[in-house]
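Structural overview
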Amino acid sequence: MPAPESQAPARNPQAQAPDPQAPDPESQAPSREEKPAGEADGEGEKGNEILRWLVGIVANATVLTALLVFFGWQRNDAQSQELGFDESILGMPTRDYVLRSVGPVLVLLLVIAVGGMAWLQWDERLVRRIRARGRDDRVVRWTLRVLPFAWLILPGMVWVLGYVWRAQAFIAFPFSIGAGVLLVLYAAQLRTMLPDATEPPPGRVPLLRAFTAIIVGVALFWGASNYAKVLGYDLADRFAADIRGLTQVVVYSPKRLYLTAPGVTETPLPGADAAYHYRYTGLRLDLHTGGHYVLVSDGWTPRHGVVILIADGDPVRLEFVRQR
């Protein structure tokens, strides 16, 4: 029998030679440093998630349509009140509100888009700093201190600037409130990226976003209303200063209309067999909407002016004259 010392020792299953074809567990383990920027534990997506959520609200077809209609009505209402009559007499359909609002609302959306792009650039740099140093970074530390008070700082700054640029501040004040609330939500998202961050209580984030959406929606329509009022007052001022620049209108009627607006001249027409027996000059076309023509006279003034409505079905003939 062989000596005990000559016996081969029992093989330790943990000490077996590695299989050269077997994958290395360490090489397969995901490395935090090797993950692309913006994919490490989903941290890089949190800041941008707010912008995606905001774009989803602003780009919603229902919200855009409601904003266009509301903007058009508000601008017409401001202009009509400044000119001395109620907007409801125009009978403007929804289509006219939308078409007359496209230009100004596109400018408003463009400003929001530019602000969102600037936010994206800042968010990318800030997330890198948070990953690199966390609270030890001075920029991160001061950002997290200031942003929670943005809802108060931004409106305060706009309020102060209103003493210099009154109209601009009147438009920007509601938007500053909405932007400040968004930055508060953004600060809450940034805190969740810190190394020592804890998960928020269940249900807190959906409620925070819901309340933020309400405030942002109100600020958006409030700001659009102020913008529409400024444009409406400006249109009224230009209208009063440039009556002579409007298209002239000559009205022919088979019966006497008794138009007594300042500057209107009534001329009886000869001929018993004539289709029209009266002609009215000194009228200007304001607009055509709601199935009728809105006319004003050459003698119209903000203090004393008459608005004349002629329906499409009225038995009259209208001549539109560029120069007469």
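What you see is a predicted model; the values in this text were computed from it and never measured. (Residues numbered from 1 in each chain as written. Predicted model: local features only at pLDDT ≥ 70, side-chain atom pairs only at ≥ 80, totals over all residues. Heavy atoms only, no water.)

Another point: the overall build of the chain. Within the chain, the secondary structure is distributed over eight helices and six strands. Mapped from its N terminus to its C terminus, the chain presents α and β elements in the order α-α-α-α-α-α-α-α-β-β-β-β-β-β. By the burial criterion, 33% of the 324 residues in the chain qualify as buried. Within the chain, counting contacts between residues at least 6 apart in sequence, those at least 24 apart form 68% of the total. Roughly 20,400 Å² of accessible area belongs to the chain as shown, and the carbon and sulfur atoms make up 59% of that amount. (Helix = DSSP H or I, 4+ residues; strand = E, 2+ residues; numbered from the N terminus. Buried < 20%, exposed > 50% of the residue type's maximum accessible area, 1.4 Å probe, protein only. Contact = heavy atoms within 4.5 Å. Areas by Shrake-Rupley, 256 points an atom, 1.4 Å probe, with all protein chains shown as cover.)

Next up on the list: the packing of helix α4 (residues 94-133) against helix α8 (residues 204-241). The description of two helices packed together rests on the angle between their axes and the distance between the axes. Viewed as axis vectors pointing N to C, α4 and α8 meet at an angle of 135 degrees, and their least axial separation amounts to 11 Å. Looking at the two axes, α4 sits oblique to α8. The handedness of the crossing between α4 and α8 comes out as right-handed. Two secondary-structure elements touch here, α4 through P104, V107, L108 and I112 and α8 through L220, A224, Y227 and L231. Of the residues assigned to the contact of α4 with α8, the class counts are eight nonpolar, no polar and no charged. (Axes fitted to C-alpha atoms, helices over the stretch in contact; angles between N-to-C directions. Parallel < 35°, antiparallel > 145°, perpendicular 65-115°, else oblique. Left-handed = near helix turned anticlockwise from the far one by under 90°. Nonpolar A, V, L, I, M, F, W, Y, C, P; charged D, E, K, R; others polar.)

Under the definition given, this model contains eight salt bridges. Among the ionic pairs, D298 bridges to R284, the shortest N-O distance being 2.6 Å. Of this pair, D298 sits in the loop between β4 (292-297) and β5 (307-311) while R284 is found in strand β3 (residues 278-289), placing the two residues 14 residues apart along the sequence. You'll find D298 and R284 in the same group, each marked buried. Between E319 and R317 there is a salt bridge, and its shortest N-O distance comes to 3.0 Å. (Salt bridge = Lys/Arg side-chain N within 4 Å of Asp/Glu carboxyl O.)

Below, the discussion takes up unusual backbone geometry. Within the chain, Y258 stands out as a residue other than glycine whose phi angle is a positive 55 degrees. Checked against the element boundaries, Y258 lands in the loop between β1 (248-253) and β2 (265-268).

Empty space within the second largest pocket amounts to approximately 490 Å³. Lining the second largest pocket are 21 residues, with A188, T192, P200, R204 and V205 sitting closest to its centre. Residue assignment for the lining of the second largest pocket shows that the elements contributing at least two residues are α2 (44-58), α7 (166-191) and α8. Residues that form the lining of the second largest pocket fall into these classes: ten nonpolar, three polar and eight charged. (1 Å grid on protein atoms, 1.4 Å probe; cavity = no way out; pocket = protein on both sides within 12 Å on 5 of 7 lines; lining within 4 Å. Points joined across faces, edges and corners; volume = space filled by probe spheres on them.)

The tally for this structure, following the rule as stated, stands at eight aromatic pairs. Look at F239 and W300: their rings are 5.2 Å apart centre to centre, the planes differ by 80 degrees, and that puts the pair in the edge-to-face class. Here the residue F239 occupies a position in helix α8, and W300 occupies one in the loop between β4 and β5, the gap between them amounting to 61 residues. Of the residues examined, F239 reaches a relative accessible area of 8% and is grouped as buried. Note on W300: relative accessible area 5%, which makes it buried. Each residue in the set F70, W73 and F221 is aromatic and connected to the rest through ring pairs, giving one cluster. (Phe/Tyr/Trp six-rings, centres within 6.5 Å; stacked < 30°, edge-to-face > 60°.)

At a minimum axis distance of 7 Å, the contact between α7 and α8 shows a crossing angle of 160 degrees. As far as their axial angle goes, α8 and α7 are roughly antiparallel. In this structure, α7 meets α8 at a crossing whose hand is left-handed.

Here the focus is the pairing of β4. Burial runs high along β4: five of the six residues are buried. Pairing analysis gives six bridges linking β3 to β4, with the strands arranged antiparallel. Each residue of the ladder has a partner; that of L287, found in β4, is V294. Taken together, β3 and the strand that follows it, β4, pair antiparallel across an intervening segment of two residues, in which G290 is found at a positive phi of about 60 degrees. Bridge count between β4 and β5: five bridges; the pairing is antiparallel. Its bridge partner being in β5, V294 is matched across the sheet by L309. (Pairing = 2+ DSSP bridges.)

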